[in-house]
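Coordinate analysis (summary)
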Amino acid sequence: MRTLTIVFCSIISLLQCAVAGNIWCTGTVSNVYIAADNSVVIKGSWRNDYTRICSTDGSTGIDTVTCSLWFSIISTAMTNDKQVKLMYSDRDGQFQCNNLPTYYSTHNPSYVMLER
């Protein structure tokens, strides 16, 4: 019985880690800007506040080409009234889309997707 309890608790712990792994934020973007420090900042409907997604100089750890392409995806979505989906890694399980840190406190997304 003790072994069964240990196995059960281990499985529950693994499931909690898997659930806390990633969050996907989907919606429209109403504003995007590139700041003087090269940060690309958006206002997504899921947060209704500004969040930095990358920096065109690579200082946030996202490649400069990738960041420029993300800006292009966001601009396309805004121009064509399309939704985007951003995935964030959240290993601690602290965040949801509506409570992501804002502006320069935001973690980098893992990807930016243009939705049909």
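The present account deals with the structure reproduced in this document. Since we're looking at a predicted model, the values are computed, not measured.

1. Quick word on the overall build of the chain
The helix and strand inventory of the chain stands at two helices and six strands. Ordered by position from the N terminus, the helices and strands of the chain form the series α-β-β-β-β-α-β-β. Here the chain holds 116 residues, and the buried ones make up 31% of them. Nonlocal contacts in the chain, meaning residues at least 24 apart in sequence, comprise 58% of its contacts between residues at least 6 apart. For the chain, the accessible area works out to roughly 7,000 Å², and carbon and sulfur atoms hold 54% of it.

2. Notes on the sheet that holds strand S5 (residues 84-89)
Where strands meet in a sheet, backbone hydrogen bonds hold them as pairs that are either parallel or antiparallel. With antiparallel pairing, three strands are arranged side by side in an open sheet as S1-S5-S6. Two strands close off the open sheet at either side, each with one partner strand: strand S1 (22-27) and strand S6 (111-114). In this sheet, neighbouring strand axes are inclined to one another by 20 degrees on average, regardless of whether the strands run parallel or antiparallel. For S1 and S5, the ladder comprises six bridges, and the chain directions are antiparallel. Looking across to S5, one finds that Asn22 is bridged to Ser89.

3. Side note on the nonpolar core
Trp46, Ile53 and Leu86 are the most contacted members of the largest nonpolar core, which has 19 residues in total. Residue assignment for this core shows that the elements contributing at least two residues are S1, strand S3 (39-44), strand S4 (49-55), helix H2 (64-79) and S5. For this core, the element with the most residues is H2, which contributes four residues. Residues within four places of Ile53 in sequence aside, it is in contact with Val40, Ile42, Ile62, Trp70, Ile74, Leu86, Tyr88, Asn108 and Pro109.

4. As for the environment of Cys25
By the element assignment, Cys25 lies in strand S1. Between the C-alpha atoms of Cys25 and Trp46, which are 21 residues apart in sequence, the distance is 6.3 Å. Those residues in contact with Cys25 that sit more than four places away from it in its chain are Trp46, Val84, Lys85, Leu86, Tyr88, Cys97 and Leu100.

So, how was this worked out
Residues numbered from 1 in each chain as written. Predicted model: local features only at pLDDT ≥ 70, side-chain atom pairs only at ≥ 80, totals over all residues. Heavy atoms only, no water. Helix = DSSP H or I, 4+ residues; strand = E, 2+ residues; numbered from the N terminus. Buried < 20%, exposed > 50% of the residue type's maximum accessible area, 1.4 Å probe, protein only. Contact = heavy atoms within 4.5 Å. Areas by Shrake-Rupley, 256 points an atom, 1.4 Å probe, with all protein chains shown as cover. Pairing = 2+ DSSP bridges. Axes fitted to C-alpha atoms, helices over the stretch in contact; angles between N-to-C directions. Core = buried A, V, L, I, M, F, W, Y, C linked by side-chain atoms within 4.5 Å.

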